[in-house]
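Breakdown of the fold
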Amino acid sequence: MPSARIRSWKSVALATSAVLVGIVLPAATATPASATTTAYDDTYYANAIGKTGTALKSSLHTIISDQTTISYSAVWNALKVTDQDPNNSSNVKLLYSGISRSKSLNGGNSGNWNREHVWAQSHGDFGTSAGPGTDLHHLRPEDVAVNARRGNLDFDNGGSSFTNSGGSLVDSNSFEPRDAVKGDVARMILYMAVRYEGDDGWPNLEPNDSVNNGGTRYHGRLSVLKSWNDEDPPDSFEERRNELIYSNYQGNRNPFIDHPEWVEAIW
């Protein structure tokens, strides 16, 4: 999707709000959830349209919690479909490194790709059981060594490059993904925070503005994730992935891919 999309959805949202109240809104004002339109607004998101803040978050939680779970072993084949390289159907596109790698090279050895939990497993201690540990909306293929380098670090700006980083950076307490997927990472983290609210036997996952969250149920850094959501709007790869997860596997969607302005409306 062209980079101009972010200007489009933000300008439409702000213009709509300004007409309604008769003033020019400051840039920091939360955007109304009804500001943009998708094919799912009259059906899937019908109960969320027009809401903001905690009401919007609660409504989206109810909507996306209607979900089919899959096993951790089933994630392998699912990722070969959801993350297929658009330019090579025999390969998957790795998240942080941007490398195109053969679908057959999945596993735990050097040179393989494995299943990266973008919301780190230890941030809530949910493991790989069906639920947050197998939720495709935050599981992505990544090189084994790169996955290990990211570990359970929070997300933030800054750091140094490393082997096969693809432009991603790491330091002692945070990880910065390459520019092309910063928004993807933000929207995956914030999806998890809305989907898992502690009412279904799983931890109540929440974003905060910290790093070094370690084994807590929090993931940061929220202010940076919000900036990344703005700077890197959803593209065709991310939108295709959302559609496949919805139609082929889990039956639920990542609302922040469909409505990136809902990030500001909630947080």
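Read on for a plain summary of the structure. Residue numbering note: each chain is counted from 1, following its sequence as written. Given that this is a predicted model, residues contribute local features only at a pLDDT of at least 70 and side-chain atom pairs are listed and counted only at 80 or more, while totals for whole chains, interfaces and linings are drawn from all residues. Side-chain calculation: all heavy atoms of the structure are included, whereas hydrogens and water are not.

Focus: the overall build of the protein chain
Starting at the N terminus, helices and strands are each numbered in turn, a helix being any DSSP run of H or I of at least four residues and a strand any DSSP run of E of at least two. Looking only at helices and strands, one finds nine helices and ten strands in the protein chain. A burial count over the protein chain gives 52% of its 267 residues as buried. If you take every contact in the protein chain between residues at least 6 apart in sequence, the share linking residues at least 24 apart comes to 64%. Using the Shrake-Rupley algorithm and a 1.4 Å probe, accessible areas are obtained, with residue cover drawn only from the displayed protein chains. Summed over all atoms, the accessible surface of the protein chain reaches about 10,700 Å², with 49% contributed by carbon and sulfur. Throughout this description, buried means an accessible area under 20% of the type-specific maximum (1.4 Å probe, protein chains only), exposed means over 50%, and partly exposed covers the range between. Contact criterion: two residues are considered in contact whenever any of their non-hydrogen atoms come within 4.5 Å of each other.

Focus: the sheet that holds strand β2 (residues 88-93)
Note on pairing: DSSP must find at least two bridges between two strands before they are called paired. One open sheet holds the three strands; their spatial order is β1-β2-β3, and the pairing between them is antiparallel. Looking at which strands have only one partner, the edges of the open sheet turn out to be β1 (84-85) and β3 (100-102). Pairing analysis gives two bridges linking β1 to β2, with the strands arranged antiparallel. The residue of β2 that forms the bridge with D85 is N88.

Brief notes about the pairing of β2
As consecutive antiparallel partners, β1 and β2 are separated by two residues. Bridging between β2 and β3 involves three bridges; their strand directions are antiparallel. Considered in β3, the bridge of N91 is made with S102. Once β2 ends, the chain turns through six residues before running back antiparallel as β3, passing G98 with a positive phi of about 75°.

Observations regarding the sheet that holds strand β7 (residues 169-170)
Pairing within the open sheet is mixed, and its three strands lie in the order β6-β8-β7. The open sheet terminates on both sides in strands that have one partner only, identified here as β6 (154-155) and β7. Alignment of β6 against strand β8 (residues 174-176), held across two bridges, turns out to be parallel. Paired with F155 across the strands is F175, a residue of β8.

A short note on the nonpolar core
In these notes, a set of buried Ala, Val, Leu, Ile, Met, Phe, Trp, Tyr and Cys residues joined through side-chain atoms within 4.5 Å is what counts as a nonpolar core. Grouped together as the largest cluster of nonpolar side chains are 40 residues, with contacts concentrated most on L60, Y96, V118, F155, V185 and W262. Elements that contribute at least two residues to this core include exactly α2 (53-64), α5 (182-195), α6 (222-231) and α9 (262-266). Here this core gets nine residues from one element, more than from any other, and that element is α5. Counting residues in hydrophobic clusters, the runner-up holds twelve residues, among them V75, L79, V92 and W113.

Re helix α3 (residues 72-82)
Looking only at α3, the buried set comprises Y72, V75, W76, A78, L79, K80 and T82. Of the surrounding elements, those touching the buried residues of α3 are β1, β2, β4 (113-117), β5 (139-143) and α7 (236-249).

Examining α5
Under the 1.5 Å per step criterion, the end-to-end length of α5 is 20 Å for 14 residues, consistent within 8% with the ideal 20 Å. Burial runs high along α5: 14 of the 14 residues are buried. A helix is expected to span 1.5 Å for every residue after the first.

Some words on the packing of α3 against α7
At a minimum axis separation of 9 Å, α3 and α7 run at an interaxial angle of 135°. Taken together, the axes of α3 and α7 lie oblique to each other. The hand of the α3/α7 crossing is right-handed. Residues N77, A78, L79, V81 and T82 of α3 touch α7, and the partners they reach there are F237, R240, R241, L244, I245 and Y249. As a working rule, the residues Ala, Val, Leu, Ile, Met, Phe, Trp, Tyr, Cys and Pro are called nonpolar, Asp, Glu, Lys and Arg charged, and the rest polar, with Gly in that last group. A breakdown of the residues in the contact of α3 with α7 according to their chemical character gives seven nonpolar, two polar and two charged. To get an axis, fit a line to the C-alpha atoms, keeping to the stretch in contact for a helix; angles then go from 0 to 180 degrees between the N-to-C directions. Angles are sorted into four bins: roughly parallel if under 35 degrees, roughly antiparallel if over 145, roughly perpendicular if 65 to 115, and oblique for all others. With the far helix as reference, a near helix turned anticlockwise by less than a right angle produces a left-handed crossing, and one turned clockwise produces a right-handed crossing.

Worth remembering: the numbers are spatial, not functional.
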